[in-house]
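Remarks on the overall topology
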Amino acid sequence: MVSISLCMIVKNEEAVLSRCLNCLSDIVDEIIIVDTGSTDQTIPIAKRYTNQVYNFTWQDDFSKARNFAFSKAHCDYIYSADADEIIDSANIEKFKTLKSMLLPEIEIVQMIYDEKGTVSTVLNATQELRPKLYKRVRSFTWIDPIHETVRTDPVVYDSDIVIFHRPIENHTNRDFRTFEATYEKTHYLSPRIFTMYMKELYRWGDLKALERAANIIKDMSKKTEFSEDRLSEASIILARYHRLAKNGPEFMKAALRIFTLMQGTPCSEICCELALYYEQHGDLPEAKLWYINAKDETEPILDIKSGKEIPEKALLRLGDA
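Everything in this summary refers to the structure shown in the same document.

Conventions adopted
Residues numbered from 1 in each chain as written. Predicted model: local features only at pLDDT ≥ 70, side-chain atom pairs only at ≥ 80, totals over all residues. Heavy atoms only, no water. Phe/Tyr/Trp six-rings, centres within 6.5 Å; stacked < 30°, edge-to-face > 60°. Lys NZ or Arg CZ within 6 Å of the ring centre and 35° of its normal. Buried < 20%, exposed > 50% of the residue type's maximum accessible area, 1.4 Å probe, protein only. Helix = DSSP H or I, 4+ residues; strand = E, 2+ residues; numbered from the N terminus. Pairing = 2+ DSSP bridges. Core = buried A, V, L, I, M, F, W, Y, C linked by side-chain atoms within 4.5 Å. Contact = heavy atoms within 4.5 Å. Axes fitted to C-alpha atoms, helices over the stretch in contact; angles between N-to-C directions. Parallel < 35°, antiparallel > 145°, perpendicular 65-115°, else oblique. Nonpolar A, V, L, I, M, F, W, Y, C, P; charged D, E, K, R; others polar. Polar contact = N/O pair within 3.5 Å; in protein donor to acceptor, adjacent residues only side chain to side chain.

Some remarks on the packing of aromatic side chains
Applying the stated criterion across every chain, the model contains 11 aromatic pairs. Taken together, the ring pairs in this structure connect Tyr54, Phe56 and Phe68 into an aromatic cluster. For the cation-ring pair, arginine 240 lies above tyrosine 202, with the distance from its terminal atom to the ring centre recorded as 4.1 Å.

Remarks on the pairing of strand β4 (residues 77–80)
Neither face of β4 is open: one carries Tyr77 and Tyr79, the other Ile78 and Ser80, and all of them are buried. Relative to β4, strand β1 (residues 4–10) runs parallel, the two being bridged by 4 bridges. By the bridge assignment for β4, isoleucine 4 is matched with tyrosine 77. In this structure, β4 lies alongside strand β7 (residues 127–135), joined through 3 bridges in antiparallel fashion.

Concerning the nonpolar core
Core analysis: the biggest nonpolar cluster contains 42 residues, and Phe194, Tyr197, Met198, Leu201, Ile217, Ile237 and Ile270 have the highest contact counts within it. Mapped onto this core, the elements with two or more residues apiece are α5 (172–186), α6 (191–204), α7 (207–223), α8 (228–244), α9 (248–261), α10 (268–280), α11 (284–296) and α12 (309–318). The leading source of residues in this core is α7, at 7 residues. Other than its neighbours up to four places away in sequence, isoleucine 237 contacts Met198, Leu201, Tyr202, Leu210, Ala213, Ile217 and Leu302. In this structure, Leu6, Leu21, Ala46 and Ile106 belong to the second largest nonpolar core, which totals 34 residues.

Thoughts on the sheet that holds strand β3 (residues 53–55)
Spatial ordering of the open sheet is given by β3-β2-β1-β4-β7-β6-β10-β5, a layout of 8 strands whose pairing is mixed. Edge positions in the sheet fall to β3 and β5 (85–86), since each has one partner strand and no second. Relative to β7, strand β6 (residues 108–114) is paired through 7 bridges, and the arrangement is antiparallel. Paired with tyrosine 113 across the strands is glutamate 128, a residue of β7. Across the sheet, helix α1 (residues 17–24) touches β1, β2 (30–35), β4 and β5, and the angle it forms with β1 is around 170 degrees. Its contacts with the sheet place helix α3 (residues 62–71) against β1, β2, β3, β4 and β7, and it is angled at close to 145 degrees to β1.

Observations regarding the side chain of arginine 230
As for its position among the elements, arginine 230 is in helix α8. With relative accessibility at 17%, the residue arginine 230 sits in the buried group. Every residue in contact with arginine 230, bar those within four places of it in the chain, is listed here: Pro191, Phe194 and Thr195.

Thoughts on the packing of α8 against α10
In contact at an axis separation of 10 Å, α8 and α10 are set at 10 degrees when each is read in the N-to-C sense. As far as their axial angle goes, α10 and α8 are roughly parallel. Contacts between α8 and α10 involve Ile236, Ala239, Arg240 and Arg243 from the first element and Glu269, Ile270, Glu273, Leu276, Tyr277 and Gln280 from the second. Broken down by class, the residue content of the contact of α8 with α10 amounts to 5 nonpolar, 1 polar and 4 charged.

Some thoughts on the side chain of threonine 42
Examined against the element boundaries, threonine 42 turns out to sit in helix α2 (residues 42–47). When its relative accessible area of 0% is taken as the criterion, threonine 42 is described as buried. Here glutamate 13 takes part through its backbone nitrogen, which lies 2.6 Å from a polar atom of the side chain of threonine 42. Here aspartate 40 takes part through its side chain, which lies 2.7 Å from a polar atom of the side chain of threonine 42. With sequence-adjacent residues up to four places away left out, threonine 42 is seen in contact with Val10, Lys11, Asn12, Glu13, Glu14, Leu17 and Asp35.

Pasting the structure below:
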């Protein structure tokens, strides 16, 4: 049986930390908690479960904090958890079985990350596979019988263990500040980070967050040649911002740009934005047409809900309008 270190970074998690650690304490062999500046009872709660509680000065960089936590681990594998996650009893048993049977060549185990609580081994609109368990020390192996090379791709196992994400408060403003601080420091966002930023903005960004993002997009466009994918993501966010800001001409400019980038077929998000635009202007038949397009004729880029759940609910709301 392998051994597992639990590594967590926390800040002001007194409301949820015990809930999370109660789920994991019988699975893991070591608990490492890195606090980044709590002012509540997070640290005393953590010390009930482990004597490995460390202080780390927050640097607007989750990777630095997680790397520090990982550096304190001693077991075969590291399990990375957030304080607002839950594992139910059925999935605790699955996790224990995995631990007892895990093959040493497996370097990463992915688990089903569930945002709403739909227990299923089949991924649905609220679930995605995420890497959660990592081999602490990676060995390198020569492969191929001729022109041999060292295998650099990790061996990944997709488990059916479900992790439930259950925040009791919204952390999106904190996340937006981190994206913004990263750009302010480096004047660069990698394609992966840019996409994550755009996804979070589309799902949860208010007018102020969207305005700040629009300024970042404008500044980035002066320094970097965007790929078509990045341009499409940026255009969706700009369209949403200008719609909420009631700037019709700029909204239409951003929305129509998607048609060019995607060779005449828009994405579900832009169809939803056009539908909302017409709905806000009282043209309900036109709004319904765009909701139907979002549901039946297009694919999402940033949020899978824009291709199903959002237009379906809107069409039910509009009814025979």
